[in-house]
Amino acid sequence: MIATRELCSSDHGVRHGPCVPWAVVILGTTFWPVVLAAGESSTTSAAESPAETRQVSDWPGFLGPSGDGKSPERGVFLNWPAEGPRVVWHKRLGVGYGICSVHRGRLYQFDRFDDNARLTCMDARSGDEVWRFEYPTDYSDMYGYNGGPRCSPLVDGDRVYLYGAEGLLHCLQVSDGKLLWRSDTRARFGVVQNFFGVGSNPVVEGPLLIAMVGGSPPESRQIPPRDLDQVVGNGSGIVAFDKLTGKVVYSITDELASYASLKLATIQGRRWGFAFVRSGLVGFEPATGRVDFHYPWRAKLLESVNASVPVVAGDEVFLSETYGPGSSLLRVRPGGCEVVWRDELRSRQKAMLTHWNTPIEHDGYLYGCSGRHTYNADLRCIEWKTGKVMWTAERTTRTSLLYVDGHFVSLGEFGQLIVFKASPLKFEPVAIVPEGALKAETGEPLLNYPCWAAPILADGLLYVRGNDRLVCLDITPVPAAAARARAGHPAVDPGDPAWSTD
């Protein structure tokens, strides 16, 4: 079945172009939007115009549908002009560091406004608010960072889950934001506030919502702030809740929490959970909580943190941090693990030093940002099996990545966007949008420091976040742009009416 309508740029957008005809080809429950050339009949099938067919998807939680920063979408427009893709809409935000999640046409953004944490449900294509949910928060950061959420909303069917910086877990109904259950992990498990609050995104595994908690016994709660090395655990390092009721199903390990989100994977037919906690990597069975191993991996500095999500390829798991030891690759098996390679602890030459960003594996190579500080961070590609550095793009600032359709989209912390090919041979940019190039109607930049959340992609729309704004960019190719890209010509013709800025 084919449904047809006209696609118009949103009234909320910065740039407005004429309506573009498009069709939606419905195959079972999958929607395949197809952009139609001028005069093209809506009876054209997807098979008759494969070049204009694109694959779309949702982005229901942190790091996307597969939990690895990869988008399954195809046929998107990546050869952008210097001023960037067309801005569909942009919206001012409260304070926070997390980016939205998108599910079934709705967008969920979690921020703080004054002393309230707020989840705003919006129409993903217009930015119009559908409903909001708020709760009071008293989180105060010990190091001067803002008090907003660090985690993204997690959408699972008809429910959406929030994990606030203060440790409050909420489960809401997606239709209207009705509260279904709530758990105060700080009070329930005796969590001693670590450096930057709660920043590890939970995951859903079957009937369970699994979260990194890291609670402590009463004696640890008397320890002065910042003396985290004196704090011990109480068996609630990782906690599994019944996702429908909030009831605790199991709690495991005495590890304290980190900022690395939980990772789920299937390895040789078995389900695994990986938690890069404060002291190292815990491998466990997510359905039961049975712990397989603990691999120590942490810098000796008191104020060091583990924040990058483990990366899984085959039966191997990569982990990295930026304060000392660097990176290590493990081969896992039920009951244990073995080291494939790791950075030399005393060497200054490390394969990769990831900070808050999570690197992405593609075809046997790993791409990511290496470096702790703005001035020494670079984009890098390393060989998965050996850690050999294949290429380095120096001083690109601290960046976060999205993989899509053979390319990476990199967002720098000052708002620079770079599209580059997923190639281990060399760093090969396809498009560069300089800092400050994306502008509001008033001419002010839309992306202001810090841009620390990785871009996300859902249904052909790219969402990027700066300090105070969420920006929606259309990277769906118009026919003329797609034809020029295939012919090796510049993707955007200033005279093309579909890219009019009037």
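What counts, and where the lines are drawn
Residues numbered from 1 in each chain as written. Predicted model: local features only at pLDDT ≥ 70, side-chain atom pairs only at ≥ 80, totals over all residues. Heavy atoms only, no water. Pairing = 2+ DSSP bridges. Helix = DSSP H or I, 4+ residues; strand = E, 2+ residues; numbered from the N terminus. Axes fitted to C-alpha atoms, helices over the stretch in contact; angles between N-to-C directions. Phe/Tyr/Trp six-rings, centres within 6.5 Å; stacked < 30°, edge-to-face > 60°. Buried < 20%, exposed > 50% of the residue type's maximum accessible area, 1.4 Å probe, protein only. Lys NZ or Arg CZ within 6 Å of the ring centre and 35° of its normal.

Chemist: Would you explain the sheet that holds strand β28 (residues 378-383) in this entry?
Modeler: Two strands in a sheet stick together by hydrogen bonds in their backbones, pointing the same way (parallel) or opposite ways (antiparallel). If you trace the four strands from one edge of the open sheet to the other, you get β26-β27-β28-β29, paired in antiparallel fashion. Both outer strands of the open sheet, β26 (360-362) and β29 (389-393), are each paired with one neighbouring strand and no more. With strand direction ignored, the average angle separating the axes of adjacent strands in the sheet is 20°. In this sheet, β29 lies alongside β28 in antiparallel orientation, the contact comprising four bridges. If you follow Arg380 over to β29, its bridge partner there is Thr392.

Chemist: Can you walk me through the packing of aromatic side chains in this structure?
Modeler: Here the distance between the centres and the angle between the planes together describe a pair of aromatic rings. Per the stated rule, a full pass over the model turns up 28 aromatic pairs. Their ring planes at 55° and their centres at 5.5 Å tell us that Tyr143 and Phe196 sit as a pair that is tilted. In this pair, Tyr143 sits in the loop between β9 (129-136) and β10 (154-156) while Phe196 sits in the loop between α1 (185-189) and β14 (203-205), placing the two residues 53 residues apart along the sequence. Judged by its relative accessible area of 27%, Tyr143 falls in the partly exposed class. A centroid spacing of 4.6 Å and a plane angle of 40° characterise the contact between Tyr367 and Phe408, whose relative ring orientation is tilted. You can see Tyr367 sitting in strand β27 (residues 365-370) and its partner Phe408 sitting in strand β31 (residues 407-412), a full 41 residues away along the chain. Phe408 shares its class with Tyr367; the two are buried. Ring pairing ties together the aromatic residues Tyr97, Tyr143, Tyr145, Phe195, Phe196, Tyr259, Trp356, Phe414, Tyr449 and Trp452, which thus form one cluster. Arg118 extends its terminal NZ or CZ atom over the ring of Phe113, reaching a point 3.8 Å from the ring centre. Taking NZ or CZ as reference, Arg226 lies 4.5 Å from the ring centre of Tyr143, over its face.

Chemist: What's the story with the sheet that holds strand β17 (residues 248-252) in this structure? I'm lost.
Modeler: In space, the four strands of this open sheet follow the order β14-β15-β16-β17, with antiparallel pairing throughout. The strands lining the two open edges of the sheet, one partner per strand, are β14 and β17. Within this sheet the neighbouring strands show an average axis-to-axis angle of 25°, counted without direction. Pairing of β14 with strand β15 (residues 208-212), which is carried by three bridges, proceeds in the antiparallel orientation.

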